[in-house]
Amino acid sequence: MALSKSQDWFADIDFTDAAAATARIAQEFDGWAPELTALITNGETAPVLRPLNALPVGHRWDRAPGVTLLGDAAHLSPPNGEGANLAMYDGADLGTAIAAHPDDIEAALTAYEQALFVRSAEAATEAARDFEALLRRRHPHSLIDLLTGHQQ
Ligand SMILES: Cc1cc2nc3c(=O)[nH]c(=O)nc-3n(C[C@H](O)[C@H](O)[C@H](O)COP(=O)(O)OP(=O)(O)OC[C@H]3O[C@@H](n4cnc5c(N)ncnc54)[C@H](O)[C@@H]3O)c2cc1C
């Protein structure tokens, strides 16, 4: 299960005590259908805390000769089903830029990064919007709106 909480909130849970941690997480779903909460309480494995990190929307850097970034290293965002696609697109775009400037790697990296920054900012904005719909804003109705196209 995914929860949008502060790191302090999670720090108060003792994940070495599987039963207590499971009960604390299940408490967040009080009132949900028992068939669904059973997915939490009847599991056979201990819960593992896996924080989601993200770079700021619009993240960019100054050109450093001979090196660049792609994929999550360039634009780590909340997961919304696009991260691997973007990483592969970045790789293809970088290869295209190098092929277009075979004798000038700096020109290739500059061209690649200029397009990357615009593409990444748009994708990160979308990922942040989806994350809000998934975990923060009147879910699950906001997610249903997103999937059925009712949200602007
Ligand atoms: C919960 C979750 C669900 C997701 N679902 C989807 C999805 O449905 N669809 C989708 O497209 N994307 C999804 N993503 C995002 C996707 O997994 C990432 O965007 C994608 O894997 C990024 O690829 P990458 O090659 O940039 O980085 P990574 O896949 O993280 O690869 C980086 C590699 O570098 C290695 N590494 C790190 N440091 C070093 C070092 N010092 N030396 C050597 N190697 C090192 C790591 O071990 C790793 O293998 C999801 C992500 C999460 C967290």
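Refer to the structure printed above.
If you're wondering where the values come from, they're calculated on a predicted model, not measured in any experiment. Every chain is numbered independently, its residues counted from 1 as its sequence is written. Two thresholds apply to this predicted model, a pLDDT of at least 70 for residue-level local features and 80 or more for giving and counting side-chain atom pairs, whereas whole-chain, interface and lining totals are computed over all residues.

**Considerations on the overall build of the chain**
Numbering of helices and strands runs from the N terminus; a helix is a DSSP stretch of H or I covering at least four residues, while a strand is a stretch of E covering at least two. Helix and strand counts for the chain come out as 7 helices and 0 strands. For the chain, the α and β elements follow one another from N to C terminus as α-α-α-α-α-α-α. In terms of C-alpha radius of gyration, the chain reaches 20 Å, well past the compact-globule figure of 15 Å for 152 residues. For the C-alpha atoms alone, the extent of the chain along its principal axes is close to 65 × 40 × 25 Å. Throughout, radius of gyration means the C-alpha value; the globule benchmark is 2.2 Å times the number of residues raised to the power 0.38.

**Digging into the environment of Ala124**
Tracing the sequence through the fold places Ala124 in helix H6 (residues 105–136). In this scheme the burial state of a residue depends on its C-beta neighbours within 10 Å: 20 or more other such atoms mean buried, 12 or fewer mean exposed, and anything in between means partly exposed; the C-beta positions come from the backbone. The exposure class of Ala124 is buried, given the 23 C-beta atoms found within 10 Å. When the C-alpha positions of Ala124 and Val57 are compared, they lie 5.5 Å apart, and in sequence the two are 67 residues distant. Once C-beta atoms are placed from the backbone, any two residues with those atoms within 7 Å are in contact. Setting aside its immediate chain neighbours within four residues, Ala124 contacts Val57, His75 and Ser77.

**Thoughts on the nonpolar core**
One nonpolar core equals one set of buried Ala, Val, Leu, Ile, Met, Phe, Trp, Tyr and Cys residues connected by C-beta atoms within 7 Å. Of all hydrophobic cores here, the largest spans 8 residues; its members are Leu70, Ala74, Leu94, Ala97, Ala108, Leu109, Tyr112 and Leu116. Looking at this core, the elements with two or more residues in it are helix H5 (83–100) and H6. Of all the elements, H6 adds the most residues to this core, at 4 residues. Setting aside anything within four residues of it in sequence, one finds Tyr112 in contact with Thr68, Asp93, Leu94 and Ala97.

**Structural notes on the site of the ligand**
Near residues are defined by distance alone, with the backbone-placed C-beta atom required to lie within 6 Å of the molecule or strand. Lining the immediate surroundings of the ligand are Gly71, Asp72, Ala73, Pro79, Gly81, Glu82, Gly83, Ala84, Asn85 and Ala87. Elements with a contribution of two residues or more to the shell around the ligand: helix H4 (72–75) and H5. Among the elements that make up the shell around the ligand, the one with the highest residue count is H5 (4 residues). Looking at the shell around the ligand, its residues break down into 4 nonpolar, 4 polar and 2 charged. Following the grouping adopted for this structure description, the nonpolar residues are Ala, Val, Leu, Ile, Met, Phe, Trp, Tyr, Cys and Pro, the charged ones are Asp, Glu, Lys and Arg, and the polar ones are all others, Gly among them.

**Concerning the environment of Gln7**
Counting through the fold element by element, Gln7 comes out in helix H1 (residues 7–11). With 8 C-beta atoms counted inside 10 Å, the residue Gln7 sits in the exposed group. On a C-alpha basis, the gap between Gln7 and Pro51 in space is 8.4 Å, while along the polypeptide they are 44 residues apart.

**Thoughts on the packing of H6 against helix H7 (residues 141–148)**
Packing of H6 against H7 brings their axes to within 6 Å, and their N-to-C directions diverge by 135°. By the angle between their axes, H6 is oblique relative to H7. Here H6 runs over H7; the crossing is left-handed. Listed contacts from H7 to Asp130, Ala133 and Leu134 of H6 are Ser142, Leu143 and Leu146. When grouped by side-chain class, the residues that make up the contact of H6 with H7 number 4 nonpolar, 1 polar and 1 charged. Note on geometry: axes are C-alpha line fits, over the in-contact stretch for helices, and angles between N-to-C directions span 0 to 180 degrees. Reported orientations rely on four angle classes, namely roughly parallel under 35 degrees, roughly antiparallel over 145, roughly perpendicular from 65 to 115, and oblique for the rest. Crossings are classed by handedness, with left-handed meaning an anticlockwise turn of the near helix from the far one by less than a right angle and right-handed meaning a clockwise turn.

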